[in-house]
Amino acid sequence: MLSTTIVIVSALICISLIMNLIRLLRGPDLPDRILALDTLYINSIGLILLFGLYKGSALYFESALLIAMLGFVSTAALCKYLLRGDIIE
Amino acid sequence: MIRSWTRRWIPMPAQSLILFATWLLLNNTLAPGHILLGAFLALAIPLLVVPMQAPQPRVRSHLRAVRYTLMVLYDILVANFEVAMRVIGPMSKLQPAFVAVPLDIEGTLPITILASTISLTPGTVSAEVSEDRQWLYIHVLHLTDEAQLIAQIKSRYEAPLKEIFGC
Amino acid sequence: MTPVIELIICAFLLLGGIFVLLGSFGLLRLPDFYTRLHTPTKATTLGLAGLLIGSMIYFFVAEQRLVVHELLITLFLLITAPVSAHMLAKAALHHKVRALKRTQGQNLFTAARKRQPPPADN
(Lines give C-alpha, C1' and ligand atoms only; values in the text may rest on other atoms or scores of the structure.)
Protein backbone atom coordinates (compact mmCIF):
# COMPACT_ATOMS: atom_id res chain seq x y z
CA MET A 1 0.00 0.00 0.00
CA LEU A 2 2.78 2.36 0.92
CA SER A 3 4.69 1.97 -2.34
CA THR A 4 1.52 2.62 -4.35
CA THR A 5 0.83 5.77 -2.33
CA ILE A 6 4.38 6.97 -2.88
CA VAL A 7 4.00 6.57 -6.64
CA ILE A 8 0.65 8.40 -6.62
CA VAL A 9 1.99 11.30 -4.56
CA SER A 10 5.07 11.50 -6.82
CA ALA A 11 2.74 11.80 -9.80
CA LEU A 12 0.84 14.61 -8.04
CA ILE A 13 4.08 16.47 -7.38
CA CYS A 14 5.24 15.99 -10.98
CA ILE A 15 1.98 17.54 -12.21
CA SER A 16 2.53 20.51 -9.91
CA LEU A 17 6.12 20.82 -11.17
CA ILE A 18 4.78 21.09 -14.72
CA MET A 19 2.28 23.75 -13.59
CA ASN A 20 5.12 25.72 -12.01
CA LEU A 21 7.13 25.40 -15.20
CA ILE A 22 4.24 26.81 -17.26
CA ARG A 23 4.01 29.77 -14.89
CA LEU A 24 7.78 30.21 -15.05
CA LEU A 25 7.72 30.41 -18.83
CA ARG A 26 4.52 32.43 -19.12
CA GLY A 27 4.65 34.71 -16.04
CA PRO A 28 4.13 38.25 -17.30
CA ASP A 29 6.44 39.93 -14.76
CA LEU A 30 9.78 39.17 -13.16
CA PRO A 31 8.35 38.63 -9.63
CA ASP A 32 6.00 36.03 -11.12
CA ARG A 33 8.94 34.09 -12.47
CA ILE A 34 10.81 34.29 -9.18
CA LEU A 35 7.73 33.05 -7.35
CA ALA A 36 7.45 30.13 -9.76
CA LEU A 37 11.13 29.31 -9.22
CA ASP A 38 10.60 29.44 -5.46
CA THR A 39 7.68 27.01 -5.66
CA LEU A 40 9.66 24.82 -8.05
CA TYR A 41 12.48 24.24 -5.58
CA ILE A 42 10.11 23.58 -2.69
CA ASN A 43 8.26 20.98 -4.77
CA SER A 44 11.51 19.35 -5.81
CA ILE A 45 12.37 18.95 -2.11
CA GLY A 46 9.13 16.97 -1.80
CA LEU A 47 10.10 14.80 -4.76
CA ILE A 48 13.53 14.04 -3.26
CA LEU A 49 11.93 13.13 0.08
CA LEU A 50 9.57 10.72 -1.65
CA PHE A 51 12.46 9.14 -3.52
CA GLY A 52 14.31 8.66 -0.23
CA LEU A 53 11.19 7.07 1.22
CA TYR A 54 10.88 4.79 -1.81
CA LYS A 55 14.48 3.66 -1.47
CA GLY A 56 14.18 3.45 2.32
CA SER A 57 17.30 5.54 2.80
CA ALA A 58 17.61 8.55 5.07
CA LEU A 59 20.60 9.86 3.12
CA TYR A 60 18.44 12.02 0.84
CA PHE A 61 17.46 14.33 3.68
CA GLU A 62 20.88 15.94 3.54
CA SER A 63 20.35 17.00 -0.05
CA ALA A 64 16.80 18.16 0.78
CA LEU A 65 18.14 20.37 3.56
CA LEU A 66 20.81 21.77 1.23
CA ILE A 67 18.26 22.56 -1.48
CA ALA A 68 15.99 24.25 1.07
CA MET A 69 18.79 26.53 2.27
CA LEU A 70 20.21 27.36 -1.16
CA GLY A 71 16.73 27.95 -2.56
CA PHE A 72 15.81 30.43 0.13
CA VAL A 73 19.08 32.31 -0.24
CA SER A 74 18.69 32.50 -4.01
CA THR A 75 15.11 33.79 -3.74
CA ALA A 76 16.21 36.42 -1.25
CA ALA A 77 19.14 37.43 -3.48
CA LEU A 78 16.94 37.74 -6.57
CA CYS A 79 14.41 39.89 -4.68
CA LYS A 80 17.19 42.10 -3.36
CA TYR A 81 18.48 42.48 -6.89
CA LEU A 82 15.06 43.57 -8.13
CA LEU A 83 14.69 46.05 -5.28
CA ARG A 84 18.14 47.53 -5.71
CA GLY A 85 17.75 47.86 -9.47
CA ASP A 86 14.71 49.99 -8.78
CA ILE A 87 16.58 52.27 -6.40
CA ILE A 88 19.37 52.96 -8.91
CA GLU A 89 16.75 53.76 -11.55
CA MET B 1 33.22 38.43 39.19
CA ILE B 2 32.22 35.02 37.91
CA ARG B 3 29.10 36.62 36.54
CA SER B 4 30.90 39.21 34.46
CA TRP B 5 33.29 36.53 33.24
CA THR B 6 30.37 34.42 32.04
CA ARG B 7 28.78 37.39 30.33
CA ARG B 8 32.03 38.21 28.60
CA TRP B 9 32.73 34.75 27.19
CA ILE B 10 29.23 33.21 26.91
CA PRO B 11 27.16 36.22 25.80
CA MET B 12 24.18 34.20 24.52
CA PRO B 13 23.71 31.03 26.58
CA ALA B 14 20.33 30.07 25.11
CA GLN B 15 21.49 30.52 21.53
CA SER B 16 24.68 28.56 22.29
CA LEU B 17 22.59 25.67 23.57
CA ILE B 18 20.34 25.73 20.48
CA LEU B 19 23.39 25.80 18.22
CA PHE B 20 24.92 22.83 20.05
CA ALA B 21 21.70 20.82 19.87
CA THR B 22 21.21 21.65 16.17
CA TRP B 23 24.75 20.56 15.35
CA LEU B 24 24.23 17.18 17.05
CA LEU B 25 20.81 16.76 15.40
CA LEU B 26 22.20 17.57 11.96
CA ASN B 27 24.90 14.94 12.36
CA ASN B 28 22.49 12.56 14.07
CA THR B 29 25.21 11.32 16.43
CA LEU B 30 26.56 11.51 19.97
CA ALA B 31 30.18 10.71 19.10
CA PRO B 32 32.72 12.49 21.35
CA GLY B 33 34.40 14.15 18.39
CA HIS B 34 31.16 15.77 17.26
CA ILE B 35 30.32 16.82 20.82
CA LEU B 36 33.71 18.55 21.04
CA LEU B 37 33.35 20.26 17.66
CA GLY B 38 29.76 21.26 18.42
CA ALA B 39 30.76 22.73 21.77
CA PHE B 40 33.56 24.69 20.12
CA LEU B 41 31.20 26.08 17.46
CA ALA B 42 28.51 26.87 20.04
CA LEU B 43 31.04 28.91 22.03
CA ALA B 44 32.86 30.55 19.12
CA ILE B 45 29.99 31.66 16.87
CA PRO B 46 28.17 33.77 19.53
CA LEU B 47 31.46 35.53 20.30
CA LEU B 48 31.77 36.45 16.62
CA VAL B 49 28.21 37.65 16.13
CA VAL B 50 27.67 39.50 19.43
CA PRO B 51 28.71 42.91 17.96
CA MET B 52 25.97 42.59 15.31
CA GLN B 53 23.21 42.11 17.84
CA ALA B 54 20.50 44.76 18.10
CA PRO B 55 18.69 45.13 21.43
CA GLN B 56 15.31 43.37 21.37
CA PRO B 57 12.48 43.21 23.91
CA ARG B 58 12.66 40.13 26.10
CA VAL B 59 10.05 37.39 26.10
CA ARG B 60 8.11 37.92 29.31
CA SER B 61 5.90 34.88 29.43
CA HIS B 62 7.17 31.63 27.93
CA LEU B 63 3.88 29.84 28.56
CA ARG B 64 2.01 32.41 26.51
CA ALA B 65 4.61 32.13 23.75
CA VAL B 66 4.06 28.36 23.51
CA ARG B 67 0.29 28.86 23.48
CA TYR B 68 0.63 31.48 20.74
CA THR B 69 2.73 29.09 18.62
CA LEU B 70 0.16 26.30 18.95
CA MET B 71 -2.68 28.67 18.08
CA VAL B 72 -0.82 29.85 14.96
CA LEU B 73 -0.18 26.24 13.87
CA TYR B 74 -3.88 25.46 14.24
CA ASP B 75 -4.77 28.61 12.28
CA ILE B 76 -2.37 27.60 9.49
CA LEU B 77 -4.24 24.31 9.13
CA VAL B 78 -7.66 25.99 9.02
CA ALA B 79 -6.41 28.75 6.72
CA ASN B 80 -5.16 26.26 4.20
CA PHE B 81 -8.52 24.59 3.81
CA GLU B 82 -10.11 28.01 3.36
CA VAL B 83 -7.59 29.10 0.73
CA ALA B 84 -7.93 25.74 -1.03
CA MET B 85 -11.68 26.29 -1.36
CA ARG B 86 -11.09 29.77 -2.81
CA VAL B 87 -8.56 28.44 -5.32
CA ILE B 88 -10.90 25.74 -6.58
CA GLY B 89 -13.94 28.04 -6.60
CA PRO B 90 -14.85 30.50 -9.35
CA MET B 91 -12.33 33.28 -9.98
CA SER B 92 -14.94 35.96 -10.71
CA LYS B 93 -16.17 35.84 -7.11
CA LEU B 94 -12.72 36.65 -5.75
CA GLN B 95 -12.52 40.06 -4.08
CA PRO B 96 -8.82 40.86 -3.48
CA ALA B 97 -7.87 44.03 -1.60
CA PHE B 98 -5.05 46.03 -0.08
CA VAL B 99 -5.55 46.99 3.56
CA ALA B 100 -3.50 49.19 5.89
CA VAL B 101 -3.44 47.85 9.43
CA PRO B 102 -2.47 50.27 12.22
CA LEU B 103 0.18 48.79 14.53
CA ASP B 104 0.18 49.13 18.30
CA ILE B 105 3.25 47.05 19.05
CA GLU B 106 6.76 48.43 18.87
CA GLY B 107 10.16 46.98 18.14
CA THR B 108 11.42 45.18 15.08
CA LEU B 109 11.17 41.64 16.45
CA PRO B 110 7.48 41.73 17.50
CA ILE B 111 6.50 43.42 14.21
CA THR B 112 8.44 40.79 12.25
CA ILE B 113 6.69 37.99 14.12
CA LEU B 114 3.30 39.63 13.54
CA ALA B 115 4.01 40.07 9.83
CA SER B 116 5.14 36.46 9.47
CA THR B 117 2.05 35.23 11.30
CA ILE B 118 -0.15 37.27 8.99
CA SER B 119 1.64 35.84 5.96
CA LEU B 120 1.06 32.28 7.14
CA THR B 121 -2.61 32.59 8.13
CA PRO B 122 -6.03 33.14 6.48
CA GLY B 123 -5.72 34.58 3.00
CA THR B 124 -3.45 37.47 3.94
CA VAL B 125 0.12 38.36 2.97
CA SER B 126 2.00 41.25 4.55
CA ALA B 127 3.59 43.36 1.86
CA GLU B 128 5.22 46.41 3.40
CA VAL B 129 5.61 48.30 6.66
CA SER B 130 5.64 52.10 6.79
CA GLU B 131 8.86 53.81 7.76
CA ASP B 132 7.59 55.00 11.13
CA ARG B 133 6.45 51.44 11.92
CA GLN B 134 2.87 52.53 12.53
CA TRP B 135 1.19 50.84 9.57
CA LEU B 136 1.39 47.41 8.04
CA TYR B 137 0.22 46.99 4.45
CA ILE B 138 -1.32 43.61 3.74
CA HIS B 139 -2.87 42.00 0.69
CA VAL B 140 -6.07 40.03 1.25
CA LEU B 141 -7.18 37.26 -1.09
CA HIS B 142 -10.89 37.68 -0.39
CA LEU B 143 -12.10 40.69 1.58
CA THR B 144 -15.62 40.75 2.98
CA ASP B 145 -15.39 43.31 5.78
CA GLU B 146 -12.31 45.49 6.25
CA ALA B 147 -13.06 46.65 9.79
CA GLN B 148 -13.78 43.12 10.94
CA LEU B 149 -10.53 41.81 9.43
CA ILE B 150 -8.46 44.49 11.15
CA ALA B 151 -10.23 43.86 14.45
CA GLN B 152 -9.60 40.13 14.11
CA ILE B 153 -5.88 40.60 13.43
CA LYS B 154 -5.60 42.96 16.37
CA SER B 155 -7.42 40.78 18.87
CA ARG B 156 -6.18 37.38 17.73
CA TYR B 157 -2.53 38.00 16.95
CA GLU B 158 -1.44 41.43 18.08
CA ALA B 159 -2.84 41.35 21.62
CA PRO B 160 -1.13 38.04 22.59
CA LEU B 161 2.16 39.29 21.12
CA LYS B 162 1.79 42.44 23.17
CA GLU B 163 1.41 40.35 26.30
CA ILE B 164 4.32 38.08 25.39
CA PHE B 165 6.74 40.94 24.87
CA GLY B 166 5.15 43.31 27.34
CA CYS B 167 5.30 46.39 25.11
CA MET C 1 4.80 -2.40 10.38
CA THR C 2 1.14 -2.68 11.31
CA PRO C 3 -1.53 -1.72 8.75
CA VAL C 4 -2.80 1.09 10.97
CA ILE C 5 0.55 2.87 11.00
CA GLU C 6 0.89 2.32 7.26
CA LEU C 7 -2.53 3.87 6.79
CA ILE C 8 -1.54 6.90 8.87
CA ILE C 9 1.65 7.37 6.84
CA CYS C 10 -0.30 7.09 3.59
CA ALA C 11 -2.84 9.64 4.80
CA PHE C 12 -0.10 12.15 5.66
CA LEU C 13 1.63 11.61 2.31
CA LEU C 14 -1.59 11.97 0.34
CA LEU C 15 -2.61 15.10 2.23
CA GLY C 16 0.82 16.57 1.58
CA GLY C 17 0.69 15.72 -2.11
CA ILE C 18 -2.76 17.20 -2.53
CA PHE C 19 -1.75 20.46 -0.85
CA VAL C 20 1.40 20.75 -2.95
CA LEU C 21 -0.74 20.23 -6.06
CA LEU C 22 -3.22 22.86 -4.87
CA GLY C 23 -0.40 25.33 -4.28
CA SER C 24 0.85 24.96 -7.84
CA PHE C 25 -2.68 24.93 -9.22
CA GLY C 26 -3.33 28.27 -7.53
CA LEU C 27 -0.04 29.60 -8.88
CA LEU C 28 -1.19 28.74 -12.37
CA ARG C 29 -4.83 29.75 -12.08
CA LEU C 30 -5.12 32.91 -9.98
CA PRO C 31 -5.46 36.11 -11.99
CA ASP C 32 -2.74 38.51 -10.75
CA PHE C 33 0.61 38.45 -8.97
CA TYR C 34 -0.60 39.49 -5.54
CA THR C 35 -3.25 36.78 -5.38
CA ARG C 36 -0.78 34.25 -6.80
CA LEU C 37 1.49 35.01 -3.87
CA HIS C 38 -1.00 33.42 -1.46
CA THR C 39 -1.05 29.78 -2.45
CA PRO C 40 2.66 28.90 -2.72
CA THR C 41 3.42 30.39 0.69
CA LYS C 42 0.62 28.60 2.50
CA ALA C 43 -0.47 25.47 0.67
CA THR C 44 2.98 24.37 -0.45
CA THR C 45 4.47 24.82 3.02
CA LEU C 46 1.69 22.78 4.61
CA GLY C 47 1.94 20.15 1.88
CA LEU C 48 5.64 19.71 2.46
CA ALA C 49 5.07 19.56 6.21
CA GLY C 50 2.63 16.69 5.61
CA LEU C 51 5.16 14.82 3.47
CA LEU C 52 7.89 15.36 6.06
CA ILE C 53 5.75 14.17 8.97
CA GLY C 54 4.78 11.08 6.98
CA SER C 55 8.37 10.18 6.22
CA MET C 56 9.40 10.86 9.82
CA ILE C 57 6.82 8.36 11.09
CA TYR C 58 8.00 5.86 8.46
CA PHE C 59 11.65 6.03 9.44
CA PHE C 60 10.77 6.00 13.12
CA VAL C 61 8.72 2.82 12.76
CA ALA C 62 10.65 0.97 10.04
CA GLU C 63 14.20 1.64 11.15
CA GLN C 64 13.68 2.29 14.85
CA ARG C 65 15.58 5.53 14.81
CA LEU C 66 14.61 9.11 15.06
CA VAL C 67 15.52 11.07 11.93
CA VAL C 68 15.27 14.68 12.98
CA HIS C 69 16.33 16.23 9.68
CA GLU C 70 12.67 16.34 8.67
CA LEU C 71 11.83 18.42 11.70
CA LEU C 72 14.67 20.80 10.89
CA ILE C 73 13.52 21.12 7.27
CA THR C 74 9.91 21.75 8.34
CA LEU C 75 10.99 24.42 10.80
CA PHE C 76 13.26 26.02 8.22
CA LEU C 77 10.46 26.15 5.64
CA LEU C 78 7.99 27.53 8.17
CA ILE C 79 10.41 30.33 9.05
CA THR C 80 11.51 31.17 5.51
CA ALA C 81 8.16 30.98 3.67
CA PRO C 82 6.75 34.27 5.06
CA VAL C 83 10.12 35.98 4.63
CA SER C 84 10.38 35.14 0.95
CA ALA C 85 6.70 36.03 0.44
CA HIS C 86 7.28 39.40 2.06
CA MET C 87 10.35 40.08 -0.09
CA LEU C 88 8.50 39.09 -3.26
CA ALA C 89 5.57 41.35 -2.39
CA LYS C 90 7.99 44.18 -1.72
CA ALA C 91 9.81 43.62 -5.00
CA ALA C 92 6.48 43.54 -6.87
CA LEU C 93 5.30 46.77 -5.21
CA HIS C 94 8.51 48.54 -6.12
CA HIS C 95 8.35 47.22 -9.66
CA LYS C 96 4.79 48.55 -9.95
CA VAL C 97 3.40 45.16 -10.89
CA ARG C 98 -0.22 45.81 -11.72
CA ALA C 99 -2.95 44.35 -9.53
CA LEU C 100 -6.29 43.02 -10.70
CA LYS C 101 -8.63 45.86 -11.70
CA ARG C 102 -11.24 45.13 -9.07
CA THR C 103 -8.70 45.05 -6.23
CA GLN C 104 -9.91 47.33 -3.47
CA GLY C 105 -7.68 49.90 -1.81
CA GLN C 106 -5.39 50.51 -4.77
CA ASN C 107 -4.93 54.08 -3.56
CA LEU C 108 -2.63 52.61 -0.91
CA PHE C 109 -0.16 51.56 -3.61
CA THR C 110 1.91 54.73 -3.77
CA ALA C 111 1.99 55.15 -0.01
CA ALA C 112 3.10 51.54 0.48
CA ARG C 113 5.81 51.91 -2.15
CA LYS C 114 7.22 54.98 -0.45
CA ARG C 115 6.75 53.41 3.00
CA GLN C 116 4.56 56.34 4.05
CA PRO C 117 1.47 56.17 6.27
CA PRO C 118 -1.75 55.71 4.25
CA PRO C 119 -3.48 58.82 2.84
CA ALA C 120 -5.67 60.60 5.38
CA ASP C 121 -9.06 60.00 3.76
CA ASN C 122 -8.69 56.27 4.26
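Residues numbered from 1 in each chain as written. Chains lettered and ligands numbered in written order. Predicted model: local features only at pLDDT ≥ 70, side-chain atom pairs only at ≥ 80, totals over all residues. Heavy atoms only, no water.

Trainee: In this structure, what is going on with the overall build of chain C? I would like to understand it.
Mentor: Helices and strands together make up the secondary structure of chain C, namely 5 helices and 0 strands. Reading chain C from its N terminus to its C terminus gives the helix and strand order α-α-α-α-α. In terms of overall size, chain C is more extended than a compact globule, its C-alpha atoms giving a radius of gyration of 20 Å where 122 residues would be expected to give roughly 14 Å. When the backbone C-alpha atoms are referred to their principal axes, chain C occupies close to 65 × 25 × 25 Å. When each of the 122 residues of chain C is scored for burial, the buried share is 57%. Look at the contacts in chain C between residues 6 or more apart in sequence, and 55% of them connect residues 24 or more apart. (Helix = DSSP H or I, 4+ residues; strand = E, 2+ residues; numbered from the N terminus. Rg over C-alpha atoms; globule rule 2.2 N^0.38 Å. Buried < 20%, exposed > 50% of the residue type's maximum accessible area, 1.4 Å probe, protein only. Contact = heavy atoms within 4.5 Å.)

Trainee: Could you clarify how one ought to interpret the interface of chain A and chain C in this entry?
Mentor: How big an interface is tends to be expressed through the accessible area that disappears when the partners come together. Tallying the contact residues gives 49 residues for chain A and 46 residues for chain C. For the pair chain A and chain C, the two sides together bury roughly 4,300 Å², of which 81% comes from carbon and sulfur. Taken as a group, Leu 2, Leu 35 and Phe 61 of chain A account for 14% of the area that chain A buries against chain C, more than any other trio of residues on that side. Along the contact surface separating chain A from chain C lie 1 salt bridge. Notably, a salt bridge pairs Asp 32 of chain A with Arg 36 of chain C, separated by 2.3 Å at the nearest N-O pair. Joining chain A to chain C, the criterion identifies 7 residue pairs in polar contact (both at pLDDT 80 or more). (Buried area = accessible area lost by both parts, 1.4 Å probe. Salt bridge = Lys/Arg side-chain N within 4 Å of Asp/Glu carboxyl O. Polar contact = N/O pair within 3.5 Å; in protein donor to acceptor, adjacent residues only side chain to side chain.)

Trainee: Hey, could you run me through the environment of Ser 74 of chain A in this one?
Mentor: Residues and elements named next belong to chain A. Tracing the sequence through the fold places Ser 74 in helix α3 (residues 60-88). For Ser 74, a relative accessible area of 36% gives the class partly exposed. Each C-alpha atom, one on Ser 74 and one on Tyr 54, is 29 Å from the other, the two residues being 20 residues apart in sequence.

Trainee: Would you mind showing me how to read the UniProt feature "transmembrane region" (unreviewed entry) in chain C here?
Mentor: The residues that UniProt annotates with the feature "transmembrane region" (unreviewed entry) are residues 6-31, 43-61 and 73-93 of chain C. The distance separating the terminal C-alpha atoms of residues 73-93 of chain C is 30 Å; by composition the span is 100% helix and 0% strand. (UniProt positions renumbered as here; feature names shortened; annotations may be inferred.)

Trainee: Whenever I open this one, the interface of chain B and chain C confuses me. Can you help?
Mentor: Listed per partner, the contact involves 45 residues of chain B and 42 residues of chain C. Buried surface at the junction of chain B and chain C, summed over both partners, amounts to about 3,900 Å²; 68% is from carbon and sulfur atoms. Where chain B packs against chain C, one counts 1 salt bridge. At the boundary of chain B with chain C, the tally comes to 6 residue pairs in polar contact (both at pLDDT 80 or more). Where the side of chain B that touches chain C is concerned, the elements lending two or more residues are α2 (13-27), α4 (62-88), β1 (97-102), α5 (108-120), β2 (124-129) and β3 (135-140) of chain B. Of the residues forming the side of chain B that touches chain C, the biggest block, 9 residues, is contributed by α4 of chain B. Considered class by class, the residues forming the side of chain B that touches chain C number 28 nonpolar, 14 polar and 3 charged. (Nonpolar A, V, L, I, M, F, W, Y, C, P; charged D, E, K, R; others polar.)

Trainee: Is there a simple way to think about the pattern of salt bridges in this case?
Mentor: A side chain with one charge may pair with a side chain of the opposite charge, provided their charged atoms come close. All names here are of chain B. All chains considered together, the criterion is met by 6 salt bridges over all chains. Asp 75 serves as the salt-bridge partner of Arg 156, at 2.8 Å between the closest nitrogen and oxygen. Of the two residues, Arg 156 sits in helix α6 (residues 146-165) while Asp 75 sits in helix α4, which places them 81 residues apart along the sequence. Arg 156 gets classed as partly exposed once you look at its relative accessible area, which sits at 30%. Among the salt bridges present, the one from Lys 154 reaches Glu 158, with a minimum N-O distance of 2.8 Å. Of this pair, Lys 154 and Glu 158 both sit in helix α6, separated by 4 residues, roughly a single helical turn. The exposure class assigned to Lys 154 is partly exposed, which follows from its relative accessible area of 21%. Residue classification places Glu 158 among the buried positions, given a relative accessible area of 3%. Within the structure, one salt-bridge network assembled from shared partners comprises Asp 104, Lys 154 and Glu 158.

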